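Understanding the architecture of this molecule
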Amino acid sequence: MALFQISEPGLSAVPHEHRLAVGIDLGTTNSLVASVISGDTEVIRDEENSAILPSVVHYAADGTVTVGRVALRDAARDAKNTISSAKRLIGRTMKDLDDVGHLPYDLVDDSSMVRISTAAGIKSPVEVSAEILRTLRERAEARLGGDLTGAVITVPAYFDDAQRQATKDAARLANISVLRLLNEPTAAALAYGLDNEAEGVYIVYDLGGGTFDVSLLKLTKGVFEVLATGGDSALGGDDFDRRVVDKVMALIREGLGERELTAAEKRRLLALSRSAKESLTTEAETAFDMTFDDDTILHVTLTREEFDSMTADLLKKTIGTVTSVLADAKIQPADIKGVVLVGGATRMPSVRNAVREFFNVEPLANIDPDKVVAIGAAMQANKLAGNTSEGEDWLLLDVTPLSLGLETMGGLVEKVIPRNSAIPTALAQDFTTFKDGQTAMAIHVVQGERELVDACRSLARFELRGIPPMAAGAARIRVTFQIDADGLLSVSARELKTGVEASVQVKPSYGLSDEDIVRMLQDGNGKAEEDMHARELREQQVEARRILQSTVSALEVDGDLLNEEERREVDTLCVTLVKLAEGTDIEALKAGIEALTKGTEVFAERRMDRSIREALSGMNVDDALFDTEVDNSEKK
């Protein structure tokens, strides 16, 4: 199929030039980054060979920020300042959220977007997400060996305009150029479509840590057309964890009475509940001990049957959404060729059984459900960056998840772009004045499926002024809605007789203001040198601890190889390095590490000599030579 050049404007690569682009799956629980390297899509691993980055950020009082597994370790001792599941908060206000009492950190209500209180100050979910994105960018640049041209970042298909804009704000803070926001189910279908050369109608069932999405896609000769989408941005694996938490809280009330859990206890209980859920994926029964701060221990036993019963209503909600999406597209379950499972939560046997029973097909899960979204995003990023190859003719046709419209008289909603409309798109509708002589019109843009404005989300307000005074109903005002490929909206209004016009680039009130973004960028740039210093200091402190531990262990085993004076010198070097590791002088710390390394060289040589002698102990020269000859003959 012949296609027009589909790289972004200005990004078309010259021959033989490969632009560095990545796909990022910014998840509620875990995040990943992938790229197309030498023609193959690769999920990029960190220095510890781990592909998954836990979506957790810890803020210390001294301004130090840690991300991922290091932050998870910090959570055990400082739960209130360790932020997880920020994706469930991004672009939300307190009234948008249901139960937040289980969160171990404190939320601050704000008219624009809920924020989080930390030891390092008030942080927004956008800033937390930016720390995760920054870490992924640095990981990718280290692997690819250069600065990124841009990234495709995935979002739940059901993310509204505010959540999408907030995600783009987070990328901007992380110094990432966003080539495209791509719906997660679409990314997964892209990975499966190209890997398996699939054609037909497919359902993507995406149950992540904090969100649930279902998309119906038609794959035909390289064209990926989204027919319908649905979901719940507040339903995910976290909610299944919460049911285990609820069970434990009930046991606590029965055995220990009413008690308020501390932040550390909440964090501990959440971690234990998640582990229990994961254990039941392969085991019929699991058990754990919940230890409280006062050393009280509660033993908890949970069977898979109990867990499935406790979470049956959550599973039923997902199947209900699947049914609605099929109804929107007027498609029967029997018409579905395959069901793609995405998200770590789809490993639960109850999920797979429910999908299998509903569609009467074995769900597809041969690509790691944790990685499939990042893989698809990387493929799209590679295409948008202009790194095209022969045989890679494919095109994505996505849809908008929620209807967009205007407030009309009586607080009613007039839909201009219905949900599941293919994007990018532009649609217009004519309106008129309500009163004689009316010279201005207030335009209120809303998003949602309800008929009343109060039940929908307000996106923007602007005014069209300069309408010539006419009788009511005589003026003709054309309002045009335009949605770009990221699903972001702009609205313009024009009076057709005079040409007077007004427009708004919809910047949801739930996002960050431009001033917020500028301030955060300035803060980040202003502290770049300070952050680099802190990182280098921490690295040297880790190296110091490593060499100290190694030296102490060696002295315990072979300390007799040193005379008193030599032992004293090594002990002195160790004491000095311990003190230097507690300070902030990087150069002095480096010198201390080097001094201890140099000061133990003779000791290391003696230990090597002893180990060789012990290995040869009891053997004569002929035996040693014979063993060597046997070894050499075996290698031939």
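Just so we're clear, the structure is a prediction, and the values are computed from it rather than from any experiment.

**Quick look at the overall build of the protein**
In terms of helices and strands, the protein carries 16 helices and 28 strands. Counting over 636 residues, the protein shows a buried share of 49%. Pairs at least 24 apart in sequence give 66% of the contacts found in the protein among residues at least 6 apart. On the protein, roughly 30500 Å² of surface is accessible, and the fraction owed to carbon and sulfur atoms is 49%.

**Description of empty space enclosed by the protein**
If you walk through the whole model with that rule in mind, you get four cavities of 30 Å³ or more. Quantified by volume, the largest cavity comes out at close to 60 Å³. Forming the boundary of the largest cavity are Leu 26, Gly 27, Thr 28, Ser 55, Ala 86, Lys 87, Ile 90, Ser 129, Ile 132, Val 155, Phe 159 and Thr 167. Residue composition of the lining of the largest cavity, grouped by class: six nonpolar, five polar and one charged.

**A few points about the sheet that holds strand 20 (residues 404-408)**
With respect to topology, four strands assemble into an open sheet ordered 21-20-24-25, the strand pairing being antiparallel. Strands with a single pairing partner mark the edges of an open sheet, and in this sheet they are strand 21 (412-417) and strand 25 (457-465). Across the sheet, the mean angle separating the axes of adjacent strands is 30° when strand polarity is ignored. Pairing geometry for strand 20 and strand 24 (residues 440-447), over three bridges, is antiparallel. Among the inter-strand pairings, Leu 406 is bridged to a residue of strand 24, identified as Val 445.

**Let's talk about the packing of aromatic side chains**
Tallied over the full model, the rule gives three aromatic pairs. Aromatic side chains Tyr 205 and Phe 212 sit 5.0 Å apart centroid to centroid with 65° between the ring planes, which places their arrangement in the edge-to-face category. Since its relative accessible area comes to 1%, Tyr 205 is described here as buried. A relative accessible area of 1% places Phe 212 in the buried class.

About the cut-offs
Residues numbered from 1 in each chain as written. Predicted model: local features only at pLDDT ≥ 70, side-chain atom pairs only at ≥ 80, totals over all residues. Heavy atoms only, no water. Helix = DSSP H or I, 4+ residues; strand = E, 2+ residues; numbered from the N terminus. Buried < 20%, exposed > 50% of the residue type's maximum accessible area, 1.4 Å probe, protein only. Contact = heavy atoms within 4.5 Å. Areas by Shrake-Rupley, 256 points an atom, 1.4 Å probe, with all protein chains shown as cover. 1 Å grid on protein atoms, 1.4 Å probe; cavity = no way out; pocket = protein on both sides within 12 Å on 5 of 7 lines; lining within 4 Å. Points joined across faces, edges and corners; volume = space filled by probe spheres on them. Nonpolar A, V, L, I, M, F, W, Y, C, P; charged D, E, K, R; others polar. Pairing = 2+ DSSP bridges. Axes fitted to C-alpha atoms, helices over the stretch in contact; angles between N-to-C directions. Phe/Tyr/Trp six-rings, centres within 6.5 Å; stacked < 30°, edge-to-face > 60°.

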